[in-house]
Amino acid sequence: MQRIYLDANATTPVLPEIVEAMRPFWLESFGNPSSAHQSGQRTRSAVEHARGAIAKLLHCTSKEIIFTSGGTESDNLALSGVLQPYLDSGEPAHLITSNIEHHAVLYTAESLERRGIEVTYLAPSRDGVIDPSALEAALKPHTKLVSIMLANNETGAVQPVGKLARIAKAHGTLVHTDAVQAAAKLPLDLSGEFKNVDLLSLSGHKMYAPQGTGVLFVRKGVQLAPLFHGGPHERQRRAGTENVPGIVGLGRAAELAHEWLNSQLDSRNSTLAAETPNPTSLTTLRDRLEQGLLNAIPNAYLNASGAPRVPNTTNLRITGVDAEALLIALDIQGIAASFGAACQSGATEPSHVLLAMGLSPAEARSSLRLSLSRLTAAEEIDRALEIIPAVVARLRSLS
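An unreviewed UniProt entry lists the protein chain under the name cysteine desulfurase, from Granulicella mallensis. What the UniProt record of the protein chain gives under Catalytic activity (unreviewed entry) is the line "(sulfur carrier)-H + L-cysteine = (sulfur carrier)-SH + L-alanine".

Looking only at helices and strands, one finds 15 helices and twelve strands in the protein chain. Relative to the globule expectation of 21 Å for 399 residues, the C-alpha radius of gyration of the protein chain, 21 Å, shows essentially globular dimensions. Within the protein chain, the fraction of its 399 residues that count as buried is 55%. Across the protein chain, every contact between residues at least 6 apart in sequence was considered, and the portion connecting residues at least 24 apart equals 73%. Counting 35 positive and 39 negative side-chain charges, the protein chain places the centres of these two groups 3 Å from one another.

Across the sheet, three strands lie side by side as 9-10-12; this open sheet has antiparallel pairing. Both edges of this open sheet fall to strand 9 (300-302) and strand 12 (367-371), since each of them pairs with a single strand only. Geometrically, the sheet is characterised by an average inter-axis angle of 30° between neighbouring strands, direction not taken into account. Where helix 11 (residues 279-296) meets the sheet, it contacts strand 9, strand 10 (313-318) and strand 12, and its direction lies at approximately 10° from that of strand 10.

With that out of the way, let us pick up the environment of Gly221. In this fold, Gly221 is placed in the loop between strand 8 (214-218) and helix 8 (233-236). In this structure, the C-alpha to C-alpha distance between Gly221 and His49, residues 172 residues apart in sequence, is 23 Å.

Take the side chain of Arg51 next. As for its placement among the helices and strands, Arg51 is situated in helix 3 (residues 38-58). Note on Arg51: relative accessible area 7%, which makes it buried.

What follows covers the domain arrangement of the protein chain. For the protein chain, the assigned domains are domain 1 (4-12 + 274-398) and domain 2 (16-259). The centre of domain 1, based on its C-alpha atoms, is set 28 Å off from the matching centre of domain 2. Contact residues are listed per partner, giving 32 residues for domain 1 and 32 residues for domain 2. Buried surface at the junction of domain 1 and domain 2, both sides included, amounts to about 2700 Å², of which 52% is carbon and sulfur. Elements supplying a minimum of two residues to the side of domain 1 that touches domain 2: strand 10 and helix 13 (352-356).

It is the contact of helix 11 with helix 15 (residues 378-398), at a shortest axis distance of 10 Å, that shows an interaxial angle of 20°. By the criterion of interaxial angle, the relationship of helix 11 to helix 15 is roughly parallel. Here the hand of the crossing between helix 11 and helix 15 comes out right-handed. Two secondary-structure elements touch here, helix 11 through Leu285, Arg288, Leu289, Gly292, Leu293 and Ala296 and helix 15 through Ala378, Ile381, Asp382, Ala384, Leu385, Ile388 and Pro389. Considered class by class, the residues forming the contact of helix 11 with helix 15 number ten nonpolar, one polar and two charged.

Parameters and conventions
Residues numbered from 1 in each chain as written. Predicted model: local features only at pLDDT ≥ 70, side-chain atom pairs only at ≥ 80, totals over all residues. Heavy atoms only, no water. UniProt positions renumbered as here; feature names shortened; annotations may be inferred. Helix = DSSP H or I, 4+ residues; strand = E, 2+ residues; numbered from the N terminus. Rg over C-alpha atoms; globule rule 2.2 N^0.38 Å. Buried < 20%, exposed > 50% of the residue type's maximum accessible area, 1.4 Å probe, protein only. Contact = heavy atoms within 4.5 Å. Lys, Arg positive; Asp, Glu negative; His and termini not counted. Charge placed at Lys NZ, Arg CZ, Asp CG, Glu CD. Pairing = 2+ DSSP bridges. Axes fitted to C-alpha atoms, helices over the stretch in contact; angles between N-to-C directions. Domains from an automatic or database assignment. Buried area = accessible area lost by both parts, 1.4 Å probe. Parallel < 35°, antiparallel > 145°, perpendicular 65-115°, else oblique. Left-handed = near helix turned anticlockwise from the far one by under 90°. Nonpolar A, V, L, I, M, F, W, Y, C, P; charged D, E, K, R; others polar.

Encoded structure:
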């Protein structure tokens, strides 16, 4: 059976070009980047090259890039790193975040709240978008940090982070955005649209690099208390010997993402555009899958239908079908999908994101997330459009 992978928001495959870039740093160039000898300096050079590639993707300076173990650590470091000093000094501090954040942010916020940080959780609209006016109303004199994700991992809804950051900055408040699901899908310009963002999280395995790699952008001048204590790595902001092969892979992924995001061809050259994967062709594939399923499955609805979304993600509510049963049935038929965040896949509770958007528990439990990768082929979409409606019809007939 030829399997069809439609769960790229959970993790992406590591591209062959990235594997090749990493290969020498497992066997040949294995030195510790902190060592003064040639072997160490070769790996140090590779780490700094990767740092530069990521800085180019984000339109920032290399000195503003911290390597981490992934998005979870980056989110934890951003929130705790900014707010821990206020706990240490006993100075009042207020954090604003949203109800639709990844649990890496939500659970960190709850931990900080238990230790004395005041936290406000903003509710989204029915389409899963945070209203800038809600942020403006929530700001207080002692608000120290606003953390709103850029693209939601479940619905793909893109938040107006540029506008939110301008509001927070006018108030003198630092801004963090979890951009894990936006990286390599949307342009991230920290010198332009997102110039008011102070901290930004990325995860390698959402952008075709290996798992266990990540980045936290920290704008120059932002003070950050470290999570780990040890050596003076990452300008004393993240102790621990660098994961050189992973960092090299992440740097190569950033280079490929930059190329892909800039590969948009002249719309008049439709033949060439159809043959070259780019953001528009991925959106076209996603829309074809989405509209095909909505047309073929009665009583199916698109969650976050009125929101701008990343080009690869769709979240469908299929009335009368339990998403967990649907996932199992689809997996048997060779389709990998999900009904929410991968790290919550064993949870019995419905999606906190969909509940926050106003869906009932039953509606949330009947919602299916399909997320494409840059490797998804048109033939796979055609096959999915045959399999998914048939599986839904069979499950409905059994209920």
